[in-house]
Amino acid sequence: MNGAEYIVRFLEKKGVDLVFGYPGGAVLFLYDVLGRSSIQHILTRHEQGAIHAADGYARATGKTGVCLATSGPGATNLVTGIANANLDSVPILAITGQVGVESIGRDSFQEADIVGITMPITKHNYLVKELDNLPEALEEAWQVAREGRPGPVLMDIPKNVFTGTADFSEVVLSTRKHKIPFKNGLARQLGRITEVLKKAQKPLLFAGGGVVSAGAWEELEDFTKYTGIPVVTSLMGKGVIPEEEGGSLGMIGMHGKPAANLALSQCDVLLALGTRFSDRVTGNPQHFLADTCIIHVDIDPAELFKNVRVEFPVVSDAKKFLQMLLQVLREEKVSFALEPWLDQIKAWAKEYPLTFSQNSLLKPQAVMREVARQAVNQPIVVTDVGQHQMFVAQHYPVQGRRNFITSGGLGTMGFGLPAAMGAALGRPGETVILFTGDGGFQMTVQELAVMAEYQLPVKIFLINNSCLGMVRQWQELFFNGHYAHSLFTGGPDFIKLAEAYGVKAWQIRKPEETKEIVSKALQHTGPVVVECLVDAGENVLPMVPPGGKPSEMLGRWHGEAHISRLS
Amino acid sequence: MVKHTLAVLVENRPGVLSHVAGLFARRGYNIESLVVGETEDQGVSRMTLVVAGDERVIEQVTKQLNKQVEVIKIQDITNEETVDRQMLLIKVSADQAARQEILQLMEIFRCRIVDIGRRSLIIEATGDEGKIEAIVQSLRPFGIKELVRTGKVSMVRGVK
Ligand SMILES: Cc1ncc(C[n+]2csc(CCOP(=O)(O)OP(=O)(O)O)c2C)c(N)n1
């Protein structure tokens, strides 16, 4: 058996039925074998599309996304997507071809040191120089991508390793010299955490993306039902708990909901699960919640004390932690009387609702609310990066599991379209709704070809404000309205562009057209682009200025027309 | 800032040094010195790292190192009873007049002369940081032509 056959066989054994990729010289032998296998290969139109699609696929399914690229430019085109998956802890196996071992280091044609390049942005990476090492490296890579805190793993494989043959039937996978597992201190901490929670008057649960990775939806629901502790989320945690009345208070942080941010700033105990306390949440980490007792639970020990001060650090996955804590609370029959706190939060929500100003122009938030109103069967919601992303986070209540996909940590424009494609391919039969901006859409628009080819049920709402909205907003607020290179003065006819790819397209120009076109788009089978010509001057509010405290939100309060600071 | 000495056992595979060094670069930690070599177990290498930083930085360094796939075990031996050694090679100017004096000095420090040139000597020394520093200082007046020293290797004393 040769190396290429071994790899394909390995992927099949791991249950991989779909990979994304783009061929080239260094991987031709791999493709030759792949083309004869049971594995479906999606030929994206750019390697960035392949890796973001693998990423969207992984987030939507919980499986490991696999993507392939050739050496040199093929591999370097993956870089943004790898960094994106790394910051959002998404399990991906990226296999790149490399020039033959003999040619490495000679600046050979299409040679790039992709292992060196991706070292700081992968969970781990390999250059497999010898065929003998291939089985063990593959097995380990597969494990590493998934175990603990997931992440992308890259394997760079020289051409001659694909073609070299060996008898793999005898291969015994030597187990790794396992390091001593980190002491999690969970048992010791549980009793003390219970005591703290018992005394808490204003407890708050903060759920991050780790709750999704751990698949702890049920546990979270049980826990909140029993305790009544209100929940806020990060962007990555959005959707872990339904966002309607009685559910999550919504997202906290720079563009968080007012009541959620106020609850955060006032809580006396913060139970933070699977979050890395990013600067979009904390503002200045040194002054973050100075008077609050913080319990921080994360599967990655390195996250504890990384950004904020913590009273109770716990190394655990969110699922196990919630199960065990709830068990203790039940056994001890701990009851919570949080009415005053919950009333306070309700009062905040009433006094500081999430609003947006209405005029005769189409508002992006109104489009999102209308889509959410009409969408049935809990669609997967995907966003690109920018203002529209924050509007979705604020105004679109996501339902169901693994149904919110966004580039959180890296904030990668161009992520949305291919990620939506990967999500649609990973969950056939389910509708995907993509909100994207006119900037980000153009960064990976070529993948519309794949959408059309496979008739993927992706409803693309292209929020066209003729500018790089988020950049324009910062320039308005912090650079005295000096809009340096953020306003588009030209651009494609998006309708014709979509149609050129064979994708149905409509336009919403006025608010009153919204209802009908949203309805048509949602009912259309296959991909659709709905170009929404929105008010270009709209800003994402509230906004905690960078470095500010959660309560220091800029917004329009009490129906006033001007923007002011809340506290 | 306190200097910490970390003894890190790693799997002896290609790429391990880059992974560790890369981690320090990426997270903005400062390595004062790094020595790596095989251990009694062929498959395992040991790195002795000297890192400067406050408690928070050292804790992060340790935890981030621990996440590296090849890292087996990390020990912060800063506050342990250890035997520490560095090695020094130093070329000093030594005309006939100075030669005798240098030889006497080196006798005191128990160093070895490993090369004798017409106008210079190469001296080899091992010892802990204090001793190496003292040797360098004592030779400075004669004129140091070239100096090279390794980072520190450490071993915890006694049975542990
Ligand atoms: C690849 C990349 N380049 C630049 C940025 C910086 N950036 C953040 S938001 C934004 C504007 C996005 O504009 P658009 O896609 O039109 O969305 P909008 O903000 O208008 O909703 C830019 C340029 C980024 N996040 N990603």
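Quick notes on the sheet that holds strand β6 (residues 152-158) of chain A
Residues and elements named next belong to chain A.
- Read from one edge of the open sheet, six strands run β2-β1-β3-β4-β6-β5, paired in parallel fashion. Two strands close off the open sheet at either side, each with one partner strand: β2 (40-43) and β5 (124-127). Within this sheet the neighbouring strands show an average axis-to-axis angle of 20°, counted without direction.
- In this sheet, β2 lies alongside strand β1 (residues 18-21) in parallel orientation, the contact comprising four bridges. Each residue of the ladder has a partner; that of Gly21, found in β2, is Leu43.

Focus on the domain arrangement of chain B
All names here are of chain B.
- Under the domain assignment, chain B is made up of domain 1 (3-76) and domain 2 (83-153).
- Here the C-alpha centroids of domain 1 and domain 2 sit 30 Å apart.
- Contact with domain 1, which involves six residues of that partner, is made by four residues of domain 2.
- Carbon and sulfur atoms make up 61% of the surface buried where domain 1 meets domain 2, a total of about 380 Å² over both sides.
- The tally of links from domain 1 across to domain 2 stands at zero salt bridges.
- Summed over the shared surface of domain 1 and domain 2, the result is one residue pair in polar contact (both at pLDDT 80 or more).
- Elements with a minimum of two residues in the side of domain 1 that touches domain 2: β1 (3-11), β2 (30-38) and β3 (44-52).
- Here the side of domain 1 that touches domain 2 is composed, by residue class, of two nonpolar, three polar and one charged.

Describing the nonpolar core
All names here are of chain A.
- With 54 residues, the main nonpolar core has Phe20, Phe441, Leu448, Val458, Ile460 and Val529 as its most contacted residues.
- Here this core gathers at least three residues from each of two domains, domain 1 (3-163) and domain 3 (364-540).
- Leaving out residues up to four positions away in the same chain, Ile460 has contacts with Leu417, Leu434, Thr436, Phe441, Leu448, Met451, Val528, Val529 and Val530.
- Within the second largest apolar cluster, 37 residues are counted, among which are Ile229, Val231, Phe321 and Leu338.

Here we look at the interface of chain A and chain B
- Taken together, the contacts link 19 residues of chain A with 21 residues of chain B.
- Counting across the chain A and chain B interface gives two salt bridges.
- Here Arg13(B) and Glu140(A) are joined by a salt bridge, their closest N and O atoms 2.8 Å apart.
- Run the count over chain A and chain B and you get eight residue pairs in polar contact (both at pLDDT 80 or more).
- The set of elements that each furnish at least two residues to the side of chain A that touches chain B consists of β5 and α7 (134-146) of chain A.

Some details on the packing of helix α3 (residues 47-61) of chain A against helix α18 (residues 416-426) of chain A
Residues and elements named next belong to chain A.
- Where α3 contacts α18, the axes come no closer than 6 Å and their chain directions differ by 50°. By the angle class used here, α3 and α18 are oblique. Like other packed secondary-structure pairs, α3 and α18 cross with a definite hand, here right-handed. Facing α3, whose interface residues are Gly49, His52, Ala53, Gly56, Tyr57, Ala60 and Thr61, α18 presents Pro418, Ala419, Met421, Gly422, Ala423 and Gly426.

Focus on the domain arrangement of chain A
All names here are of chain A.
- By domain assignment, chain A separates into domain 1 (3-163), domain 2 (186-351) and domain 3 (364-540).
- Computed from C-alpha atoms alone, the centre-to-centre distance between domain 1 and domain 3 is 29 Å.
- With 26 residues of domain 1 at the contact, the number on the domain 3 side is 27 residues.
- Both faces combined, the contact of domain 1 with domain 3 buries some 1,900 Å², and carbon together with sulfur accounts for 65% of it.
- Considering only the side of domain 1, the residues that lose the most area to domain 3 are Arg45, Arg59 and Ala60, jointly responsible for 29% of the buried surface there.
- The tally of links between domain 1 and domain 3 comes to one salt bridge.
- We note a salt bridge from Glu453 to Arg45, for which the minimum N-O separation is 3.1 Å.
- Within the residue set of the side of domain 1 that touches domain 3, elements represented by two or more residues are β1, β2, α3 and α5 (79-87).
- The greatest single-element share of the side of domain 1 that touches domain 3, amounting to 11 residues, is contributed by α3.
- For the side of domain 1 that touches domain 3, a count of residues per class yields 10 nonpolar, 12 polar and four charged.

Quick word on the packing of helix α16 (residues 364-374) of chain A against helix α23 (residues 514-523) of chain A
Residues and elements named next belong to chain A.
- Where α16 meets α23, the closest approach of the two axes is 10 Å, and the angle between their N-to-C directions is 50°. The pairing of α16 with α23 is recorded here as oblique in orientation. As α16 packs across α23, the resulting crossing turns out to be right-handed. Of the residues in α23, those in contact with Val367, Glu370, Val371, Arg373 and Gln374 of α16 are Thr514, Lys515, Val518, Ser519 and Leu522.
- Taken together, the residues of the contact of α16 with α23 break down into four nonpolar, three polar and three charged.

What about the side chain of Glu219(A)?
- Inspection of the secondary structure assignment puts Glu219(A) in helix α11 (residues 217-227).
- We classify Glu219(A) as buried; its relative accessible area is 10%.

A closer look at the site of the ligand
Residue and element names in this part refer to chain A.
- Not every one of the 17 residues close to the ligand is listed here, only the nearest: Gln387, Gly411, Gly440, Asn465 and Gly469.
- Within the contact set of the ligand, an oxygen atom lies 2.9 Å away from a side-chain nitrogen or oxygen of His388.
- Take Gly440: an N or O atom from its main chain is 2.7 Å from an oxygen atom of the ligand.
- Those elements that provide at least two residues to the shell around the ligand are α17 (387-395), α19 (438-441) and α21 (469-478).

So, the pattern of salt bridges
- With the rule as written, the count across this model stands at 34 salt bridges over all chains.
- Close ionic contact of Arg59(A) with Asp55(A) constitutes a salt bridge, the shortest N to O distance being 2.5 Å. Pair noted here: Arg59(A) and Asp55(A) are both in helix α3, with a separation of four residues, about one helical turn.
- With relative accessibility at 11%, the residue Arg59(A) sits in the buried group.
- Among the ionic pairs, Asp300(A) bridges to Arg149(A), the shortest N-O distance being 2.9 Å. Of this pair, Asp300(A) sits in the loop between β10 (293-298) and β11 (312-315) while Arg149(A) sits in the loop between α7 and β6; the two residues are 151 residues apart in sequence, bridging distant segments of the chain.
- Beyond isolated ion pairs, a larger network of salt bridges with shared partners links Arg149(A), Asp300(A), Glu303(A), Lys306(A) and Lys67(B).

Basis of the calculations
Residues numbered from 1 in each chain as written. Chains lettered and ligands numbered in written order. Predicted model: local features only at pLDDT ≥ 70, side-chain atom pairs only at ≥ 80, totals over all residues. Heavy atoms only, no water. Pairing = 2+ DSSP bridges. Helix = DSSP H or I, 4+ residues; strand = E, 2+ residues; numbered from the N terminus. Axes fitted to C-alpha atoms, helices over the stretch in contact; angles between N-to-C directions. Domains from an automatic or database assignment. Contact = heavy atoms within 4.5 Å. Buried area = accessible area lost by both parts, 1.4 Å probe. Salt bridge = Lys/Arg side-chain N within 4 Å of Asp/Glu carboxyl O. Polar contact = N/O pair within 3.5 Å; in protein donor to acceptor, adjacent residues only side chain to side chain. Nonpolar A, V, L, I, M, F, W, Y, C, P; charged D, E, K, R; others polar. Core = buried A, V, L, I, M, F, W, Y, C linked by side-chain atoms within 4.5 Å. Buried < 20%, exposed > 50% of the residue type's maximum accessible area, 1.4 Å probe, protein only. Parallel < 35°, antiparallel > 145°, perpendicular 65-115°, else oblique. Left-handed = near helix turned anticlockwise from the far one by under 90°. Near = heavy atom within 4 Å.

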